[in-house]
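In case you want the letters, here they are:
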Amino acid sequence: MRIARPPQLLKVRSGGLTPIIVILAVLLVLLTARQPDFLSPPSLMSFLGRSAPVVLLAAGQYFVIVSGELDLSVGSLVTAQVVIAARLIDGDPSAGWPVVVLLLAFGIAVGLVNGLVTTLLRVPSFITTLGMFLILVGAVYLWSDGAPKGSLSEEFRRLGRSAFEDVPALGRIPYALVVLLAVAAAALVLTRSDFGRTLVAVGGNPRTAELSGVRVWRAKTMAFVLSGLAATLAAVLIGGYSGVSFQAGAGLEFGAITAAVLGGVALGGGRGSVVGAMLGALTLETLFTLMNFYGVSGALEPTVQGAIILLAVAAASFRVPSR
Amino acid sequence: MSGLLPSPLLALRGIGKSFLGVRVLDGVDLQVRPGEVHAVVGENGAGKSTLMKVVAGVHQPDEGTVEFAGAPRTFRSPREARQAGIGIVYQELTLLPERTVAENVCLGREPLRRGLVDRRAMLSHTAELLASIGEGSIPPDTRVGRLGVAQQQVVEIVKALALDARLLIMDEPTAALADHEVDQLYALVRRLQEQGIGVLYVSHRLKEVFDLSTRITVLKDGRAVATLDTADTSADQLVRHMVGRELSSYYPGRAKPQELGPVRLTVRGAGNRKLRGIDLRLRAGEVLGVGGLQGSGRSALARALFGAAPFSTGEVTVDRAPVRLRSPRAAIRAGIAYVSEDRKGEGIVAEQSVLDNALLAVRAVRAVGPGRAGRGARTARVRELLAAVELRAAGEDQEVRFLSGGNQQKVVLARWLALAPRILLFDEPTRGIDVGAKSAIHDLVRRLARDGAAVLMVSSELPELLGMSDRIIVMRDGRIAGELPAGASEEDVVALAVGTAREAAG
């Protein structure tokens, strides 16, 4: 029997990493053409540190999207976490770590609710997490009477704004980048674990997964919990970097979704890689930096994101027929 | 122009087609005359579906010409082919289940009246079409989802014919039908034939090919290796053309009495919404065949035993211990495996790799059997199993959607074997699978029984049911209508299935 080996081109088309790497490379070339020292260590390190939160969120979003769902609540979760942290810490330097633990618990809880409502109550995740988004926004306003109260301690902010200084060759390595690398490594291990592979199967064909003994509800709920955890870490970094504001997480959910889709993660589930999602986030940040250098208004960012989602999804639908 | 033979309705010359460098069709010649049923046979992956899609305008050939009704044509889309008079009925149903029969038949060309859809015209038009092919009993205003598979098939055909088709392509039209429904389809095809419609008929079932066709074209590795007059051809000859193997090697031997082990599974007085009063015993080493018409409860029985649509009453024991099969997971933990009839929808994860698919169950249910082994050992074991089922794939990283049906089924089997199940439930294990792979699956099923598994096999293909089973139960109206020993005839099974035989007690 003749075996149809999928040729190389096909791998490129079906959710591989090649397209996103090519796009990122092109953007970097354009960027260095304009700003020759962009790739020098100090500037690159600071860029990576600044990009860390959205890269984290893209990694979290990967798990949700690949399982066939969507998490729209991460942006407002980031805001909520920052506001909660400020109020609980209120300048007290010793409160840092206990509050981080508390935030992690809150992130897990939000993920659990998202997951269980989606799987057990069978509410589409688009609606579930949209509801969660609104609930969190409203609750935070209510809780803080319309203006953020308290303040973050220097201790707490260090993770988001400080760095290992005077590292040979590289200079300054932001803590945020270290957090990012640790999370990226953990995410990569997770996607290769039984859980990670099963999650892709759940997104690819939930019926087959169920009939193979997979607890689909549990796998999807875990994905939402991971997204909640990623949002919590992002919140700690963002709070540290830019301080307390009701706008802390605004729009980040779309950034994360755009990044994942750009990185080849198929909306609807079953296809994509966490590395792709994270590279997608870096690409998006590079694009925004580039736009900035070329004097394009930052107000265009949502428009660009929207266009990317539409284009990426359209491009993904030009798939090789499986005969 | 008029010689001894009528001029061809469709003439394909030197058709070639590649997908991204993979040559799927290579210089295919084929002619269909008006009123001819031209069968196209070949193993899966031979290029049958692609060839049909070229004729139907879904794919455009890289080389060669398509001549239809005497003129060279290039169909750039299915729509153009349809308008030229080529209708196609695909293997998978393409109807919208939430829409009515009439809405489906008229989809995309609804009759209009003052700019609005004229529902009355649509209904009467559809009713006429149905009546013209002798299927007037299907109400045009019913939602398609409420019809049985066989009736949906008829709707597909009517839909394909609705634009005065002169050529009808039927791709595995009987895949979802029970035997008496196949007879209706035969009658339908013959009526079309009398009206001068040419039929391109793709099927794995040789019996159908011989019953229906005028000529047969055999495809192998993308080439048309032979075109034969059906009347002058024997089944053996045809199979030789397809796989180079004789028919007689079809079924492996049955279980000898000493090979039968202890009772593995018992069911007493079990039922649910689709099943009533189910009593059965299944022994290690035996293959119990389950026959019956579509909707008789044969699939429901397998699904109930697997916990996918559980029994609500009755008792089930596995190896003498009472079990509650409330979910697939519970059934898997009790040592039961299930190969669904719907391979695409319930068997595979099409976009995952061979290895991921084969590992799915062990990953999900680690606490059972060899799943407890370490990751490396587990993967090694699954690789062995993939080799043992003689999987043919480009590699373990190949996506399952690129495999033929038979090889997909082997991946599903390997997935279950990794859990070393004691009871295997097969629902139509060889549906849509080519002849060569079919007998490989049959051998595997028998080998599993010999190794001590208890096998329950649902099949609507009588030769398979009779050839494989050590014992047969026949379902009717959600009950077991009767039991037959090995060596029963097709007539015995049919008599029980349609209820002309006296029911066995109980």
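Residue positions are given per chain, counting from 1 as you read along its sequence in written order. Chain letters and ligand numbers both follow the written order, the letters beginning at A and the numbers at 1. This being a predicted model, a pLDDT of at least 70 is required before a residue's local features are given, and a value of 80 or more before pairs of side-chain atoms are given or counted; all residues contribute to the totals for chains, interfaces and linings. The side-chain values count all of the structure's non-hydrogen atoms but skip hydrogen atoms and water molecules.

### A closer look at the overall build of chain B
Step number 1: For chain B, the helix and strand inventory stands at 17 helices and 22 strands.
Step number 2: Using C-alpha atoms as the atom set, the radius of gyration is obtained and then compared with a globule rule of 2.2 Å times the number of residues to the power 0.38. Taking 23 Å as the expected radius of gyration for a compact globule of 506 residues, we find that chain B reaches 24 Å, a close match to that expectation.
Step number 3: Categorising residues by exposure relies on relative accessible area from a 1.4 Å probe, with only protein chains included: less than 20% of the type maximum marks a residue as buried, more than 50% marks it as exposed, and the intermediate range marks it as partly exposed. Among the 506 residues that make up chain B, the fraction classed as buried is 56%.
Step number 4: Any two residues whose heavy atoms approach within 4.5 Å at even a single point are treated as in contact. Residue pairs in contact within chain B that sit at least 24 positions apart in sequence constitute 68% of those at least 6 positions apart.
Step number 5: In this description, accessible areas are obtained by the Shrake-Rupley approach with a 1.4 Å probe, and a residue is regarded as covered only by the protein chains that are shown. As displayed, chain B offers around 20700 Å² of accessible surface, 49% of which is attributable to carbon and sulfur atoms.
Step number 6: Positive charges come from Lys and Arg alone, negative charges from Asp and Glu alone, with His and the N- and C-terminal ends not counted. Throughout, a charge is located at the NZ atom of Lys, the CZ atom of Arg, the CG atom of Asp or the CD atom of Glu. Charged side chains in chain B number 68 positive and 60 negative. The centres of these two groups are separated by 6 Å. Helix numbers and strand numbers start at the N terminus; a helix is a DSSP run of H or I with at least 4 residues, a strand a run of E with at least 2.

### Examining the overall build of chain A
Step number 1: In terms of regular secondary structure, chain A is built from 14 helices and two strands.
Step number 2: Along the longest, intermediate and shortest principal axes, the C-alpha atoms of chain A span 70 × 50 × 35 Å.
Step number 3: Counting only contacts in chain A whose residues sit at least 6 apart along the sequence, the fraction spanning at least 24 positions is 77%.

### What about the pairing of strand E12 (residues 223-229) of chain B?
Residues and elements named next belong to chain B.
Step number 1: The sheet contact formed by strand E11 (residues 215-220) and E12 spans six bridges and is antiparallel. Paired with Lys220 across the two strands is Arg223, which belongs to E12.
Step number 2: Being paired, for any two strands, means DSSP has found at least two bridges between them. Count of turn residues in the E11/E12 antiparallel hairpin: two residues, of which Asp221 carries a positive phi of about 50°.

### Here we look at the nonpolar core
Step number 1: Counting residues in each nonpolar core, the largest one holds 146 residues, and the members touching the most others are Ile278, Leu301 and Phe311 of chain B.
Step number 2: In terms of residue count, the dominant contributor to this core is helix H3 (residues 41-66) of chain A (14 residues). Side-chain atoms within 4.5 Å are what join buried Ala, Val, Leu, Ile, Met, Phe, Trp, Tyr and Cys residues into a set we call a nonpolar core.

### Comments concerning the sheet that holds strand E9 (residues 167-171) of chain B
Residue and element names in this part refer to chain B.
Step number 1: Read from one edge of the open sheet, six strands run E6-E9-E10-E3-E11-E12, paired in mixed fashion. Bordering the open sheet on either side are strand E6 (86-89) and E12, each of which pairs with just one other strand. For this sheet, the mean angle separating the axes of adjacent strands, direction not counted, is 20°.
Step number 2: Axes, fitted as lines to C-alpha atoms, cover a helix only where it is in contact. Angles between the N-to-C directions of the axes lie from 0 to 180 degrees. This element, helix H5 (residues 149-161), spans E6 and E9 of the sheet and lies at about 165° to E6.

### With respect to the sheet that holds strand E19 (residues 423-427) of chain B
Sheets are built from strands that pair by backbone hydrogen bonding, the pairs being arranged parallel or antiparallel.
All names here are of chain B.
Step number 1: Strand order in the open sheet formed by six strands is E18-E19-E20-E15-E21-E22, and the pairing between neighbours is mixed. Across the chains shown, the open sheet's two edge strands, defined by having one partner strand only, are strand E18 (336-339) and strand E22 (479-485). Across the sheet, the mean angle from the axis of one strand to that of its neighbour is 20°, orientation sign disregarded.
Step number 2: With four bridges joining them, E18 and E19 adopt parallel strand pairing. Bridging across to E19, Val339 finds its partner in Phe426.
Step number 3: Contacting strand E15 (287-292), strand E21 (471-476) and E22, helix H17 (residues 490-498) crosses the sheet at an angle of about 30° to E21.

### Here's the deal with the pairing of E11 of chain B
Residue and element names in this part refer to chain B.
Step number 1: Most of E11 sits out of view: five of its six residues are buried.
Step number 2: Pairing of strand E3 (residues 37-41) with E11 involves four bridges; the strand directions are parallel. Across the sheet, residue Ala39 finds its bridge partner in E11, namely Ile216.

### Some words on the confidence of the model for chain A
All names here are of chain A.
Step number 1: When pLDDT is averaged along chain A, the result is 88, and 93% of the positions lie at 70 or above.
Step number 2: The quantity called pLDDT is the predictor's confidence in a given residue, expressed from 0 to 100. Within chain A, helix H1 (residues 8-13) has the poorest average pLDDT of any element, 40, and helix H10 (residues 206-211) the best, 96.
Step number 3: Below a pLDDT of 50 lies the segment residues 1-14, which in the model reaches 34 contacts outside its immediate sequence neighbourhood of four places, other chains included.

### Regarding the side chain of Ser469 of chain B
Residues and elements named next belong to chain B.
Step number 1: With respect to the element layout, Ser469 can be found in the loop between helix H16 (462-468) and E21.
Step number 2: Of the residues examined, Ser469 reaches a relative accessible area of 1% and is grouped as buried.
Step number 3: Definition of a polar contact: a pair of N or O atoms within 3.5 Å, with one able to donate and the other able to accept a hydrogen when the atoms are protein atoms, and with sequence-neighbouring residues admitted only if both atoms are side-chain atoms. For Ser469, the side chain forms a polar contact with the main-chain oxygen of Leu465, separated by 2.6 Å.
Step number 4: Those residues in contact with Ser469 that sit more than four places away from it in its chain are Arg254, Val287, Gly289, Met457 and Ala486.

### Quick look at the environment of Gln294 of chain B
Residue and element names in this part refer to chain B.
Step number 1: Secondary-structure assignment places Gln294 in the loop between E15 and helix H9 (298-305).
Step number 2: Under the relative-accessibility criterion, Gln294 is labelled partly exposed at 27%.
Step number 3: Residues Gln294 and Leu465, 171 residues apart in the sequence, show an inter-C-alpha distance of 14 Å.

### Comments concerning the packing of aromatic side chains
By convention here, two paired aromatic rings are described through the distance between centres and the angle between planes.
Step number 1: Aromatic rings from Phe, Tyr and Trp, taking only the six-membered ring of Trp, are treated as a pair when their centres fall within 6.5 Å; an angle between ring planes under 30 degrees marks them as stacked, one over 60 as edge-to-face, and anything in between as tilted. Within the structure shown, the criterion is met by six aromatic pairs over all chains.
Step number 2: Centroid distance Phe164 of chain A to Tyr175 of chain A: 4.8 Å. Interplanar angle 80°. Geometry classified as edge-to-face. Residue Phe164 of chain A is found in strand E1 (residues 163-167), and its partner Tyr175 of chain A is found in helix H8 (residues 175-192); the two are separated by eleven residues along the sequence.
Step number 3: Exposure remark for Phe164 of chain A: the relative accessible area of 42% places this residue in the partly exposed category.
Step number 4: Given a relative accessible area of 22%, Tyr175 of chain A falls into the partly exposed group.
Step number 5: Geometrically, the ring pair formed by Phe306 of chain B and Trp416 of chain B is edge-to-face, given 5.8 Å between the ring centres and 85° between the ring planes. In this pair, Phe306 of chain B sits in the loop between H9 and strand E16 (313-318) while Trp416 of chain B sits in helix H14 (residues 405-417), placing the two residues 110 residues apart along the sequence. Grouping residues by exposure puts Phe306 of chain B and Trp416 of chain B together as buried.
Step number 6: Linked through ring pairs, Phe306, Tyr338 and Trp416 of chain B together constitute an aromatic cluster.
Step number 7: Between Arg34 of chain A and the ring centre of Tyr294 of chain A, over which it is positioned, the NZ or CZ distance is 4.7 Å.
Step number 8: Lying over the aromatic face of Trp143 of chain A, Arg87 of chain A brings its terminal NZ or CZ to 4.6 Å of the ring centre. Geometrically, a lysine NZ or arginine CZ counts as sitting over a ring once it is within 6 Å of the ring centre and also within 35 degrees of the ring normal.

### Observations concerning the confidence of the model for chain B
Residues and elements named next belong to chain B.
Step number 1: Averaged over all residues, the pLDDT of chain B equals 86, while 93% of them reach at least 70.
Step number 2: Within the model, pLDDT remains below 50 along residues 245-249, and this stretch shows ten contacts once partners closer than five positions in the same chain are excluded.
Step number 3: Prediction confidence for the complex, expressed as pTM and ipTM, is 0.73 and 0.87 respectively.

### A short note on helix H12 (residues 252-262) of chain A
All names here are of chain A.
Step number 1: Counting buried positions over the eleven residues of H12 gives ten, a clear majority of the element.
Step number 2: For H12, every residue scored as buried is listed here: Leu252, Glu253, Gly255, Ala256, Ile257, Thr258, Ala259, Ala260, Val261 and Leu262.
Step number 3: In the stretch just after H12, Gly264 is the one whose phi turns positive, near 90°.

### Some words on the packing of helix H5 (residues 96-119) of chain A against helix H11 (residues 216-242) of chain A
Residue and element names in this part refer to chain A.
Step number 1: Running from N to C, H5 and H11 point in directions that differ by 145°, and their axes come no closer than 7 Å. Taken as a pair, H5 and H11 cross one another with a handedness that is right-handed. For the pair H5 and H11, contact is made by Leu103, Leu104, Gly107, Ile108, Gly111, Leu112, Asn114, Gly115, Leu116, Thr118 and Thr119 and by Trp217, Lys220, Thr221, Phe224, Val225, Gly228, Leu229, Thr232 and Val236, respectively.
Step number 2: Residues are grouped as follows: nonpolar covers Ala, Val, Leu, Ile, Met, Phe, Trp, Tyr, Cys and Pro; charged covers Asp, Glu, Lys and Arg; every other residue, Gly included, is treated as polar. A per-class count over the contact of H5 with H11 returns ten nonpolar, nine polar and one charged. By definition, any crossing whose near helix is turned counterclockwise from its far helix by less than a right angle is left-handed, and any crossing with a clockwise turn is right-handed.

### Let's talk about the side chain of Asn205 of chain A
Step number 1: With respect to the element layout, Asn205 of chain A can be found in the loop between helix H9 (194-204) and H10.
Step number 2: Engagement of the side chain of Asn205 of chain A in a polar contact is seen with the backbone oxygen of Lys344 of chain B, the distance being 3.1 Å.

### A short note on a nonpolar patch on the surface
Residue and element names in this part refer to chain A.
Step number 1: Taken together, the side chains of Ile108, Leu112, Leu116, Leu120, Leu121 and Trp217 present a nonpolar region at the surface, about 530 Å² in accessible area.
Step number 2: Counting residues per element, the nonpolar patch draws most heavily on H5, which supplies three residues.
Step number 3: With respect to the element layout, Leu120 can be found in the loop between H5 and helix H6 (125-143). By definition, no residue in a patch forms a salt bridge, and every one has over 30% relative accessible area; like charges are joined within 9 Å, nonpolar side chains (Val, Leu, Ile, Met, Phe, Trp, Tyr) within 5 Å. Put simply, a salt bridge is a Lys or Arg side-chain nitrogen that is within 4 Å of an Asp or Glu carboxyl oxygen.

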